[in-house]
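Close look at the chain arrangement
Now for the letters of each chain:
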Amino acid sequence: MSDSSETSTPIPEPEQVHGLLAEYSTPQQLIAAARRIRDAGYSRWDSYSPFPVHGIDPAMGIRPTVLPWIVFAAGLTGGTGALALQWWTSSVDYRWIVSGKPFFSIPANIPITFELTVLSASLTCLLGMLLMNKLPMLAHPLDRSRRFARVTDDRFFVLVQASDPKFDAKDTAGLLQATSPRGPIEVVMEDTKSSNVIPRGIVYALLVLATAAIVPFALSALARVSTSEQTRLDIVPDMDFQQKFKAQRENTFFADKRAMRLPVEGTVAVGELRDDDHFYTGKVDGTFAKTFPSQIEISDATMELGRKRFGTYCTPCHGVDGSGQGMVHQRARSLMQGTWVQPADLRQDKDIYRSVGELFDNISRGVRNMPAYERQIDTQDRWAIILYLRALQRSQSAHLEDVPQAERGALK
Amino acid sequence: MAAVGNLDPWQGDPAGQERSNEGRDYRSWQEPPLGDNPFAHITDAVIRVVETPKPPRAWYIALGVSLCWLVSLVVSLSYLVWKGIGIWGTMHPVAWAWPIVNFVFWVGIGHAGTLISAILFLLRQTWRTAINRAAEAMTIFAVICALVFPAIHIGRPWLPYWLLPIPNQMEMWPQFRSPLDWDVFAVGTYFTVSLCFWFMGLIPDIATIRDRAESRTRRFVYGLLALGWRGSARQWHRYERAYLMLASLSTPLVLSVHSVVSFDFATSQLPGWHTTIFPPYFVAGAIFSGFAMVNTLLIPAREFFGLKIVIELRHLEMMNKVILATGTMVGYSYAMEFFIAWYGASPYEQFTFINRAFGPYAWAYWTMVSCNVIFPQLFWFKKVRTNLAAMMVICVLVNVGMWFERFVIISTSLARDFLPSSWGYFVPTIWDFSTFLGTFGLFFTLFLLFCRYLPMVATAEVKAIHPVAHGH
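Along each chain, residues carry numbers from 1 onward, in the same order as the chain's sequence is written. Here chains are named by letter from A upward and ligands by number from 1 upward, in the order in which they appear as written. Local features in a predicted model are, by the rule used here, given only for residues with pLDDT of at least 70; side-chain atom pairs are given and counted only at 80 or more, and totals for whole chains, interfaces and linings are based on all residues. As a rule here, side-chain values come from all non-hydrogen atoms in the structure, and water together with hydrogens is ignored.

1. With respect to the layout of surface pockets
A cavity, in this analysis, means grid points on a 1 Å lattice covering only the protein atoms where a 1.4 Å probe fits yet has no way out; a pocket is instead an open set bounded by protein on both sides within 12 Å along at least five of seven lines, and a residue lines either one if it has an atom within 4 Å of a point. Grid points are joined across faces, edges and corners, and a volume is the space filled by probe spheres set on the points. Quantified by volume, the second largest pocket comes out at close to 1,200 Å³. As for the second largest pocket, its lining consists of 38 residues, of which Pro160, Trp162, Leu163, Asp181 and Val184 of chain B are closest to the centre. Only runs of H or I of at least four residues qualify as helices and only runs of E of at least two qualify as strands under DSSP, and these elements are numbered from the N terminus. Counting residues per element, the ones that place at least two in the lining of the second largest pocket are helix 4 (106–132) of chain A together with helix 4 (98–109), helix 6 (132–152) and helix 7 (179–212) of chain B. Considered class by class, the residues forming the lining of the second largest pocket number 27 nonpolar, seven polar and four charged. Residue classes follow a fixed rule: Ala, Val, Leu, Ile, Met, Phe, Trp, Tyr, Cys and Pro count as nonpolar, while Asp, Glu, Lys and Arg count as charged, and any other residue, Gly among them, counts as polar.

2. Concerning the interface of chain A and chain B
Contacts between the two partners involve 79 residues from chain A, matched on the other side by 75 residues from chain B. Two parts placed together each lose some accessible area under a 1.4 Å probe, and the buried area is that loss summed for both. Across the interface of chain A and chain B, roughly 6,700 Å² is buried in total on both sides, 64% from carbon and sulfur atoms. Put simply, a salt bridge is a Lys or Arg side-chain nitrogen that is within 4 Å of an Asp or Glu carboxyl oxygen. At the boundary of chain A with chain B, the tally comes to three salt bridges. In the analysis that follows, any N or O atom pair within 3.5 Å is treated as a polar contact, provided that within protein one partner can donate a hydrogen and the other can accept it, and provided that, for residues neighboring in sequence, both atoms belong to side chains. Our count for the contact surface shared by chain A and chain B stands at 26 residue pairs in polar contact (both at pLDDT 80 or more). Where the side of chain A that touches chain B is concerned, the elements lending two or more residues are helix 1 (27–39), strand 2 (45–48), helix 2 (56–60), helix 3 (67–93), helix 4 and helix 7 (237–240) of chain A. The leading source of residues in the side of chain A that touches chain B is helix 4 of chain A, at 17 residues. Taken together, the residues of the side of chain A that touches chain B break down into 48 nonpolar, 14 polar and 17 charged. We call two residues contacting when some pair of their heavy atoms lies within 4.5 Å.

3. Thoughts on the pattern of salt bridges
Under the criterion given, the structure shown has 26 salt bridges over all chains. Here Asp39 of chain A makes a salt bridge to Arg38 of chain A, at a shortest N to O gap of 3.1 Å. According to the relative accessible area criterion, Asp39 of chain A is exposed, its value standing at 57%. Between Asp205 of chain B and Arg133 of chain B there is a salt bridge, and its shortest N-O distance comes to 3.0 Å. Taken together, the residues span a long stretch of sequence, with Asp205 of chain B in helix 7 and Arg133 of chain B in helix 6 at a distance of 72 residues. Exposure classes here rest on a 1.4 Å probe applied to the protein chains alone. A residue is buried below 20% of its type maximum, exposed above 50%, and partly exposed in between. Classification of Asp205 of chain B as buried rests on a relative accessible area of 1%. What you see here is one network of salt bridges that share partners, running through Glu23, Arg147, Arg150, Asp154, Arg155, Arg182 and Glu186 of chain A.

4. Considerations on the side chain of Asn372 of chain B
Residue and element names in this part refer to chain B. Checked against the element boundaries, Asn372 lands in helix 13 (residues 362–374). A polar atom in the side chain of Asn372 sits 2.9 Å from the side chain of Tyr334. Only 3.3 Å separates the side chain of Asn372 from the backbone nitrogen of Met402, close enough to count as a polar contact.

5. Some words on the nonpolar core
Nonpolar core, defined: a set of buried Ala, Val, Leu, Ile, Met, Phe, Trp, Tyr and Cys residues in which side-chain atoms within 4.5 Å join the residues together. Grouped together as the largest cluster of nonpolar side chains are 160 residues, with contacts concentrated most on Trp106, Met138, Phe265, Phe407, Phe443 and Phe450 of chain B. If one sorts the elements of this core by residue count, helix 7 of chain B sits on top with 16 residues. Those residues in contact with Phe450 of chain B that lie beyond four places of it in its chain are Arg133, Ala134, Ala137, Phe141, Trp198, Pro455 and Met456 of chain B. Of all hydrophobic cores here, the second largest spans 31 residues; its members include Leu20, Val53, Ile56 and Val158 of chain A.

6. Observations concerning the pairing of strand 1 (residues 17–24) of chain A
Both faces of the sheet carry side chains from a regular strand, because those side chains alternate between them. Residues and elements named next belong to chain A. The element strand 1 is extensively covered by neighbouring structure, given that eight of its eight residues are classed as buried. A pair of strands is considered paired only if DSSP assigns at least 2 bridges between the two. Bridging between strand 1 and strand 4 (residues 186–189) involves four bridges; their strand directions are antiparallel. The partner of Leu20 across the bridge, within strand 4, is Val187. As judged from the six bridges shared by strand 1 and strand 3 (residues 156–161), these two strands associate in the antiparallel manner.

7. What to know about the packing of helix 4 of chain A against helix 9 (residues 233–266) of chain B
When two helices pack together, their arrangement is captured by the angle between the axes and the distance separating the axes. The angle between two axes is taken between their N-to-C directions and runs from 0 to 180 degrees, where each axis is a line fitted to C-alpha atoms and a helix contributes only its stretch in contact. Between helix 4 of chain A and helix 9 of chain B, the least distance of the axes is 10 Å, while the angle of their chain directions is 160 degrees. By the criterion of interaxial angle, the relationship of helix 4 of chain A to helix 9 of chain B is roughly antiparallel. Helix 9 of chain B is crossed by helix 4 of chain A, and the crossing has left-handed handedness. Where helix 4 of chain A approaches helix 9 of chain B, its residues Phe114, Glu115, Val118, Ala121, Ser122, Cys125, Met129 and Met132 of chain A are matched on the opposing element by Arg238, Tyr239, Ala242, Met245, Leu246, Leu249, Pro252, Leu253, Ser256 and Val260 of chain B. Across the contact of helix 4 of chain A with helix 9 of chain B, the residue classes tally to 14 nonpolar, two polar and two charged. If an angle is under 35 degrees, it is roughly parallel; if it is over 145, roughly antiparallel; if it lies from 65 to 115, roughly perpendicular; otherwise it is oblique. Crossings are classed by handedness, with left-handed meaning an anticlockwise turn of the near helix from the far one by less than a right angle and right-handed meaning a clockwise turn.

8. Describing the environment of Ser422 of chain B
Residue and element names in this part refer to chain B. Looking at where Ser422 falls in the secondary structure, it is placed in the loop between helix 15 (388–415) and helix 16 (430–453). Linking Ser422 and Ser289, residues 133 residues apart in sequence, is a C-alpha distance of 33 Å. For Ser422, the residues in contact, after removing those within four places along its chain, are His92, Pro93, Ala415 and Asp417. At 3.4 Å, the side chain of Ser422 forms a polar contact with the side chain of Asp417.

9. Quick notes on helix 1 of chain A
A rise of 1.5 Å per residue sets the reference length of helix 1 of chain A, with its 13 residues, at 18 Å; its end C-alpha atoms lie 18 Å apart and thus fit the reference within 8%. Every buried residue belonging to helix 1 of chain A is among Pro27, Leu30, Ile31, Ala33, Ala34 and Ile37 of chain A, and all of these are buried. Projection of helix 1 of chain A onto a plane perpendicular to its axis shows the buried side chains occupying an angular sector of 165 degrees, all on one side. Elements in contact with the buried residues of helix 1 of chain A: strand 1, strand 2, helix 2, strand 3 and helix 5 (169–178) of chain A together with helix 2 (39–51) of chain B. Just downstream of helix 1 of chain A, Gly41 of chain A is the residue with a positive phi angle, here 90 degrees. The length a helix should cover is 1.5 Å for every residue beyond the first. It is the directions from the helix axis to the C-beta atoms that the arc portrays.

Right under this line is the structure:
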């Protein structure tokens, strides 16, 4: 820091002068001075204050910044980009079915679109403001003025640059003097000593850091193309080796070396006793039963239970009418699944004449594409479904003559 | 008075002189009257805290305690990575326990700062300038504490980057339809934007510290951070525009963050979580807890650092009014949850709420109700609103209550599943406590360092709203 800039006269060689600096005590004085300099037709000048002075923009003739439009464009880009990202990843590149929901639907994608719009606009707002203000600018001729240090505290300044076409050392100084500044007009010299060049030590440190940053990437790249004799490192052994056995694994503790254990011989778990073939398997003496077991009461209540269970478990594939045109089938058709097999039409003759025991077996153990429902539907309920199915089959292939005389009028 | 005389040694010296802090009495600070030129007084009152060679003893004690707690965090997290999340009490059926409670707790606290800086700015509430800087700092530190938890509760804490859409060799992408991924974007964006907002506000004030700096190191470090800000009118013009835009962008963001956090629960089908009142209820609760935390921090800070001249009692009173209003909203939400449970006629929902109030977690529920609904009602009285001790106690209670609110929502709903066979009771372990305490260590350490090394009040904004700045 030199003290040469503290004197007002004589003015040194013009090419070394950066500009003339005037100091003011209040924002009102600053505004008054700015008006005069603006009216005098100067263009390369600026005023400086510790806080944004209300009314300085018109006084200086500052036009509204284009920053809002840049931010708006950035927000649009962020929003569009977010939508494109979500659309491409989830419905083109990595299709992942979740409960049959559409791969791309605006409502589920609104939150992230909104967040990325705001993020993009905000970052642009800050960076745009800094870049348009030519920041960071770590060195400036004004830094050599001791008085100017108070610009961030409580003083107000005007600097008219020597590069202004209207600049004339004497005239400009006179104009500034006429705005009744605080203290003398100061000549600000060009900064020839310090520069914007980064100190060499910092440059070397950054270079070393940048080189060191490559090392981990280089090591992992090397690991990908080379082999190693050593076993892999278990950074978290508790996670890699857990004290438990998984299904179907070996366990040398037992003679049969199975981790999964069979029930003790000659025992039956509570509620697992199945000593009635007709009721539990639908078979009598090894062949499918033609009648309902005695545990099933043929009644309206059983029929209603069957209707409910059919609605829950059967309609998704077989449809409410048993035609095999359920929602799953329609969805598969709309997706044009080539390997899709249509669920059975339960109204066909072969199903109508299939014995109740065989139907029970089909529901319990599954058939073709249909999975086993033994674990999902109670035994009682499976029989109830068959009872309802019988009624459904009759109603679906019924003739007008089957309807009681009194009801026929309503159907005609 | 000597102290006041020393305030402005350059007064009446038009040529200007070498600035010097010599002879200034930092210890026996006396509040100067705000006279014709209040700007220097504002600068001095705030920047003095950063410049004083020795901060108050309370600062050292508080930092010592905070660092001990921070060590507890480091130890807990190291053991967690080593051993796995089984060290916590998190267990079936309460599979979302303290980590999520603490996450929501900290994110909620982190709402005050940006609300004060953005929404109150747009509403032209000039009193915000006294507290917005500290509140924004608090926001950023709270969100940092919050972000610790989602990162560590994922089972394999070294893989949190899987949450982000980074092209990878597995050719997999995050599930953008999941509220958990919305959370990643909402909290991440909130943190980034809050940091931008905070840093932007700091630039002019850091420049003030740079210009007053005595040592080379200070001038270099603060000079680098100030980016060469010199307060040009053309720069201020763009700065103010940018500030207004950031405030406008942050306003919907503040409201969205806790709404998205509430979606984690609201879009599930668990009774007690599956409810549409959650987004507004969570936002009100977040503002409630955030304002309480701002007061908890600022009451001692203004006392120890002599900032009463800037952070006035009436500012704290304003905060208390907001706490009263949001606390009442939270109370309304509690009542409305019960009403909907009854009106909705879902037996599971009804059971959940009766179980909350009278089941095994009744102690937590009534702690929450008394801390959040009953005690803040004392703020109706001006005597309580303007009494520092009373507001300190109530604000701490509010934060206790808000932690319990999240605990009640998460634990009671999970502990009573649809199936009585999977009912359970959550018991935390010592590691749950040490991790949670550790985040307080992180929070207070960061805040204490902020108080010491960065200006606690936005001096440029306080100056700009001063009547003298407008020629009055």
